[in-house]
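A look at the structure
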Amino acid sequence: MIQFDSVNKWYHKYHALNNICGEVRKGEVLVVCGPSGSGKSTMIRTINRLEEIQSGSICVAGESISGDKVDINRLRSKIGFVFQQFNLFPHLSVKDNIALSPIKVGGCSRKEAYELAEELLQKVGLVAKLNEMPANLSGGQQQRVAIARALAQKPTLILFDEPTSALDPEMVGEVLNVMKALAADGMTMVCVTHEMNFAREVADRVWFMDQGEILEDSTPDAFFSAPKHDRAKKFLADIIH
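Everything in this summary refers to the structure shown in the same document. Just so we're clear, the structure is a prediction, and the values are computed from it rather than from any experiment.

1. Topic: the overall build of the chain
When its secondary structure is counted, the chain shows 9 helices and 10 strands. Taken over C-alpha atoms, the radius of gyration comes to 18 Å for the chain, in line with the 18 Å a tight globule of 241 residues would show. Seen along its three principal axes, the alpha-carbon backbone of the chain occupies a region of about 55 × 45 × 30 Å. Counting across all 241 residues of the chain, residues that qualify as buried make up 50%. Partitioning the contacts of the chain with sequence separation of at least 6, the portion at a separation of at least 24 is 67%. For the chain, the accessible area works out to roughly 11,600 Å², and carbon and sulfur atoms hold 48% of it.

2. A word on helix 6 (residues 169-184)
A rise of 1.5 Å per residue sets the reference length of helix 6, with its 16 residues, at 22 Å; its end C-alpha atoms lie 24 Å apart and thus fit the reference within 8%. Considered for burial, the residues of helix 6 that qualify are Met171, Val172, Val175, Leu176, Val178, Met179, Leu182 and Ala183. Along the long axis of helix 6, the arc covered by the buried residues comes to 155°, so they all point the same way. Along helix 6, exposed side chains directed more than 90 degrees from the buried face belong to Glu170 and Ala184.

3. Some points on the sheet that holds strand 1 (residues 2-11)
Across the sheet, which stays open at both edges, the 4 strands sit in the order 2-1-4-5 with antiparallel pairing between neighbours. Looking at the sheet topology across the chains shown, the edges are occupied by strand 2 (14-24) and strand 5 (63-64). When strand 1 meets strand 4 (residues 55-60), the two strands line up antiparallel, connected through 5 bridges. Bridged to phenylalanine 4 within strand 4 is isoleucine 58.

4. Observations concerning the sheet that holds strand 7 (residues 157-161)
Spatially, 6 strands are ordered 6-7-8-3-9-10 in an open sheet, and the strand pairing comes out mixed. For this open sheet the edge positions go to strand 6 (79-82) and strand 10 (213-218), each flanked by a neighbour on one side alone. Pairs of neighbouring strands in the sheet enclose a mean axial angle of 15°, with direction left out of account. In this fold helix 9 (residues 230-240) packs onto strand 3 (29-33), strand 9 (205-210) and strand 10, with an angle of close to 100° to the strand it touches most, strand 9.

5. Quick word on the pairing of strand 10
Relative to strand 10, strand 9 is paired through 5 bridges, and the arrangement is antiparallel. For valine 206, the partnering residue across the bridge sits in strand 10 and is serine 218.

6. Description of the side chain of lysine 40
Its place among the elements puts lysine 40 in helix 1 (residues 40-46). Among buried charged residues, lysine 40 stands out as having no salt bridge; its nearest opposite-charge side chain is glutamate 162, 4.2 Å away. With residues up to four places along the chain from it excluded, the contact list for lysine 40 reads Val32, Cys33, Gly34, Pro35, Glu162, Val192, His194 and Met209.

7. Remarks on helix 4 (residues 110-123)
With 14 residues, helix 4 extends 20 Å between its outermost C-alpha atoms, agreeing within 8% with the 20 Å of an ideal straight helix rising 1.5 Å per residue. Every buried residue of helix 4 is accounted for by Ala113, Leu116, Ala117, Leu120 and Leu121. When helix 4 is viewed along its axis, its buried side chains cluster within an angular range of 135° and face the same direction. Among the exposed residues of helix 4, those oriented more than 90 degrees off its buried face are Lys111, Glu119 and Gln122. Turning to helix 4, the residues buried within the fold contact helix 3 (94-104) and helix 5 (139-151). Looking at the residues trailing helix 4, positive phi occurs at glycine 125, about 75°.

8. A closer look at the layout of surface pockets
Unfilled space is identified by rolling a water-sized probe across the atoms. In this model, the largest pocket occupies a volume close to 510 Å³. In terms of lining residues, the largest pocket is bounded by 19 residues, among which Arg76, Phe83, Ser101, Arg149 and Gln153 are the most central. Only helix 2 (72-77), strand 6, helix 3 and helix 5 provide two or more residues apiece to the lining of the largest pocket. Along the lines of polarity and charge, the residues of the lining of the largest pocket split into 9 nonpolar, 7 polar and 3 charged. Taken as a whole, the second largest pocket holds about 220 Å³ of empty space. Looking at the second largest pocket, the residues that line it are Val60, Ala61, Glu63, Ser64, Ile65, Val70, Asp71, Arg74, Leu75, Lys78, Ile79 and Thr156. For the lining of the second largest pocket, the elements supplying multiple residues, two or more each, are strand 5 and helix 2. The class makeup of the residues in the lining of the second largest pocket is 6 nonpolar, 2 polar and 4 charged.

Each value, and the rule that gives it
Residues numbered from 1 in each chain as written. Predicted model: local features only at pLDDT ≥ 70, side-chain atom pairs only at ≥ 80, totals over all residues. Heavy atoms only, no water. Helix = DSSP H or I, 4+ residues; strand = E, 2+ residues; numbered from the N terminus. Rg over C-alpha atoms; globule rule 2.2 N^0.38 Å. Buried < 20%, exposed > 50% of the residue type's maximum accessible area, 1.4 Å probe, protein only. Contact = heavy atoms within 4.5 Å. Areas by Shrake-Rupley, 256 points an atom, 1.4 Å probe, with all protein chains shown as cover. Expected span 1.5 Å × (residues − 1). Arc of directions from axis to C-beta. Pairing = 2+ DSSP bridges. Axes fitted to C-alpha atoms, helices over the stretch in contact; angles between N-to-C directions. Lys, Arg positive; Asp, Glu negative; His and termini not counted. Salt bridge = Lys/Arg side-chain N within 4 Å of Asp/Glu carboxyl O. 1 Å grid on protein atoms, 1.4 Å probe; cavity = no way out; pocket = protein on both sides within 12 Å on 5 of 7 lines; lining within 4 Å. Points joined across faces, edges and corners; volume = space filled by probe spheres on them. Nonpolar A, V, L, I, M, F, W, Y, C, P; charged D, E, K, R; others polar.

Here it is as structure tokens:
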């Protein structure tokens with residue numbers, strides 16, 4: 001589903017992504033973890049070109065996403081993205097937040113889009129909030145609406161950029177439960193997260209990053225029981241402590 005081949009990115013002299021190579025298979029849940037500033041969010045944002053790369057290549061579903069001829073809107077319509085800060089439109093109701101993309105990009109009628117919004121809100125356990133405004137929702141509820149909005153595009157994969165880091169601890173579980181249900185349904189997911197229990201329970205593979213490099217690419221069992229790299233050992237020891 002996703003193929004990274006020798007991907008590099010610089011911010012001026014800072015080497016943010018250093019020769020990233022790896023792949024994510026269809027239906028796989030990949031968790032990307034590592035210390036702050038390790039390049040995790042930069043890496044995930046290159047997949048739908050929210051960040052541009054300077055060298056190497058990225059393919060999604062067999063198609064290169066680089067180059068001037070790529071239709072970025074078509075590319076992004078197939079890749080759901082859930083942000084750390086929800087990014088809901090504050091002036092639109094929950095229903096209209098979810099229906100916007102199916103109407104504007106997908107060509108759905110308003111009736112079809114609203115029916116889809118209701119169906120997706122049922123999926124994330126928020127159908128009762130259909131007509132609420134985002135400001136009236138808790139952080140956990142807003143993030144679940146954001147997931148429903150990402151699903152409204154009928155994406156082939158969903159990217160999660162630290163989806164629980166802006167939430168109060170008691171709200172984290174409700175968002176992770178929705179993500180677990182998506183994983184169980186076979187959705188291809190790339191999740192940048194510090195939620196190590198989620199990684200242990202749900203991930204098929206874990207990438208550990210530091211200083212713009214992937215230092216470990218392994219199963220959760222191998223990563224948590226016997227990490228190979230000293231930096232990964234210290235990271236896990238600090239979290240457990």
